[in-house]
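Structural overview
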Amino acid sequence: MIKGVIFDLDGVLVSTDELHYKAWKQLAEDLGIMNFTKEDNYLQKGVSRMESLEVVLNKGTKLYTEAEKLILAEKKNSCYVDLLQELSTEAVLPHVVETLEMLRAQGILIGVGSVSKNTPLILKRTELEQYIDKVSCGLDITRSKPDPEVFLVAAKKLGLQNEECLVVEDSAAGIVAAKAANMKCLGVGPEYRQLEADYESLTLQSEVDWHTILQG
Ligand code: BG6
Ligand code: MG
């Protein structure tokens, strides 16, 4: 029996993926890496900022020290945070608010499980805070997806057993993390068919069979 649903943030609740892509592409071009593509960006989905930086640097030939890498990650984040200032309720993905309201009405607890350290800012700017019971994000963890830590922390904050939680994810790393946390998962987003989730849907549309899913 599912008592809590833990949503990934980027690409599941909000459409921030394009902004991440823009900020990484800008950094790549500043470093002379002109062939950073959306396919490369796919490898960054669900993984931490520093691991995402490695995806960019692997496209070039230059080697950087750890101190230089921290500066580069900070540079990308500053560009990303600038882009986030434009974020509003319009960035909330289709069917999200109806889904959160429907789950809450059934007494299901709502968590967010995202490795993004910008999670609080994004939830505030998109006005999604009001629907969320507990947030587990990059500020709470030391290991990024596919490690299950972010979902384990979310379950703990919600006061639930791991197997009482369902994860909603759009990244392969997130689905691996959910399974490692002993949680069932619903895969959504453009790559939903490749995710090997327990349940699948392109979007959080009304046809998602929540009745069956919540039976666990
Ligand atoms: C994830 C994104 O949600 O957050 C990744 O899918 C991103 O692409 C990661 O690298 C970390 O985000 P932030 O905001 O802490 O740099
Ligand atoms: Mg995501």
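Now for a description of the structure that goes with this document.

Attention shifts here to the layout of surface pockets. When its volume is computed, the largest pocket comes out at roughly 520 Å³. Forming the walls of the largest pocket are 30 residues, and the residues nearest its centre are V47, S48, R49, V115 and S116. Counting residues per element, the ones that place at least two in the lining of the largest pocket are α1 (17–30), α3 (49–57) and α4 (66–84). The greatest single-element share of the lining of the largest pocket, amounting to four residues, is contributed by α3. Looking at the lining of the largest pocket residue by residue, the class counts come to six nonpolar, 13 polar and 11 charged. Here the second largest pocket defines a volume of roughly 420 Å³. Considering the residues around the second largest pocket, the lining is formed by 22 residues, among which G11, D17, K45, D170 and P190 are closest to the centre. Where the lining of the second largest pocket is concerned, the elements lending two or more residues are α1 and α2 (38–42). Residues that form the lining of the second largest pocket fall into these classes: 10 nonpolar, six polar and six charged.

Near ligand 1 you find 15 residues, and of these D10, R49, S116, K117 and N118 are the closest. At a separation of 2.8 Å, an oxygen atom of ligand 1 approaches a polar backbone atom of G46. V47 places a main-chain nitrogen or oxygen 2.9 Å from an oxygen atom of ligand 1. One can see that ligand 1 is located within the largest pocket. Looking at the shell around ligand 1, its residues break down into three nonpolar, eight polar and four charged.

The next subject is the sheet that holds strand β5 (residues 184–187). The six strands lie next to each other as β3-β2-β1-β4-β5-β6, forming an open sheet whose pairing is parallel. The outermost strands of the open sheet, each flanked by one partner alone, are β3 (134–136) and β6 (199–200). Bridge analysis of strand β2 (residues 109–113) against β3 gives three bridges, and the strand direction is parallel. Bridge pairing links G111 to K134 in β3. Each of β1 (4–7), β2, β3 and β4 (165–169) is contacted by helix α7 (residues 149–158), which is oriented at about 160° to β3, the strand it contacts most. Contacts from helix α8 (residues 172–180) reach β4 and β5, with the element oriented near 165° to β5.

On inspection of all chains with the given rule, the structure shows one aromatic pair. Ring plane angle 25° and centroid distance 5.9 Å describe the contact between Y21 and F36, whose orientation is recorded as stacked. Residue Y21 is located in helix α1, and its partner F36 is located in the loop between α1 and α2; the two are separated by 15 residues in the primary sequence. Considered together, Y21 and F36 belong to a single accessibility category, that of buried residues. The side chain of K76 reaches across the aromatic face of Y80, ending 4.3 Å from its centre.

Quick notes on the rules
Once a new chain begins, its residue numbering starts again from 1 and follows that chain's sequence as written. For this description, chains carry letters from A and ligands carry numbers from 1, given in the order in which they are written. Thresholds applied to this predicted model are a pLDDT of at least 70 for local features of residues and 80 or more for the giving and counting of side-chain atom pairs; totals over whole chains, interfaces and linings are not thresholded and use all residues. Note: side-chain values were computed over all heavy atoms of the structure, leaving out hydrogens and water. For each structure, a 1 Å grid was placed over the protein atoms alone; sets of points admitting a 1.4 Å probe that cannot get out are labelled cavities, open sets with protein on both sides within 12 Å along at least five of seven lines are labelled pockets, and lining residues have an atom within 4 Å of a point. Grid points are joined across faces, edges and corners, and a volume is the space filled by probe spheres set on the points. Secondary structure elements follow DSSP: runs of H or I no shorter than four residues count as helices, runs of E no shorter than two count as strands, and numbering proceeds from the N terminus. Classification used: nonpolar for Ala, Val, Leu, Ile, Met, Phe, Trp, Tyr, Cys and Pro, charged for Asp, Glu, Lys and Arg, polar for all others including Gly. Near, as used in this document, describes a residue that has one of its heavy atoms within 4 Å of the molecule or strand being considered. Definition of a polar contact: a pair of N or O atoms within 3.5 Å, with one able to donate and the other able to accept a hydrogen when the atoms are protein atoms, and with sequence-neighbouring residues admitted only if both atoms are side-chain atoms. Molecule-in-pocket calls rest on the fraction of atoms, with more than half required to lie within 2 Å of the cavity or pocket grid points. If DSSP finds at least two bridges between two strands, the strands pair. Any two residues whose heavy atoms approach within 4.5 Å at even a single point are treated as in contact. Interaxial angles span 0 to 180 degrees and are taken between N-to-C directions of axes, which are lines fitted to C-alpha atoms, for helices over the stretch in contact. Here a Phe, Tyr or Trp ring, Trp counted by its six-membered ring, pairs with any other such ring whose centre lies within 6.5 Å, and the pair is stacked when the planes are under 30 degrees apart, edge-to-face when over 60, and tilted otherwise. For each residue, the accessible area found with a 1.4 Å probe, counting protein chains only, is set against the maximum for its type, and the residue is called buried under 20%, exposed over 50%, and partly exposed in between. Whether a charge sits over a ring comes down to the Lys NZ or Arg CZ being within 6 Å of the ring centre and within 35 degrees of the ring normal.

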